[in-house]
Amino acid sequence: MITQKTIDRINELAHKSKKEGLTPAEKEEQKMLRQEYIEAIRGNIRSQLDNVDILEADGSTTHLSDVRKKHMHEK
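Bear in mind that the values here come from a model prediction, so they are computed numbers and not experimental data.

Undergrad: Please provide a residue-by-residue account of the side chain of Gln 30, values included.
TA: Assignment of secondary structure puts Gln 30 in helix H2 (residues 24-50). Here Gln 30 falls in the buried class, since its relative accessible area comes to 10%. The residues touching Gln 30, leaving out its near neighbours within four places in the chain, are Leu 13, Ala 14 and Leu 22.

Right under this line is the structure:
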């Protein structure tokens, strides 16, 4: 889960990067925070999509999470 503190730090590093540049340690921190943020967004989207139902032409419904699980097993 991404906290407001994490978002604030991401923004702080972005502003500093534009104004004066970042140290190698700050660049690494920025990279890790951005990756954490992206993973959280992906998780949120996955969670939302898992709650979507597809209305089939025959009137039945299919849970999107079931379709994803089936697709994962076929690989």
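From this point, things continue past the structure.
Undergrad: A description of the environment of Ser 17 should follow, citing residues and the corresponding values.
TA: In this fold, Ser 17 is placed in helix H1 (residues 4-19). Each C-alpha atom of the pair Ser 17 and Lys 27 lies 8.6 Å from the other, and the pair is 10 residues apart in sequence.

Rules used throughout
- Residues numbered from 1 in each chain as written.
- Predicted model: local features only at pLDDT ≥ 70, side-chain atom pairs only at ≥ 80, totals over all residues.
- Heavy atoms only, no water.
- Helix = DSSP H or I, 4+ residues; strand = E, 2+ residues; numbered from the N terminus.
- Buried < 20%, exposed > 50% of the residue type's maximum accessible area, 1.4 Å probe, protein only.
- Contact = heavy atoms within 4.5 Å.

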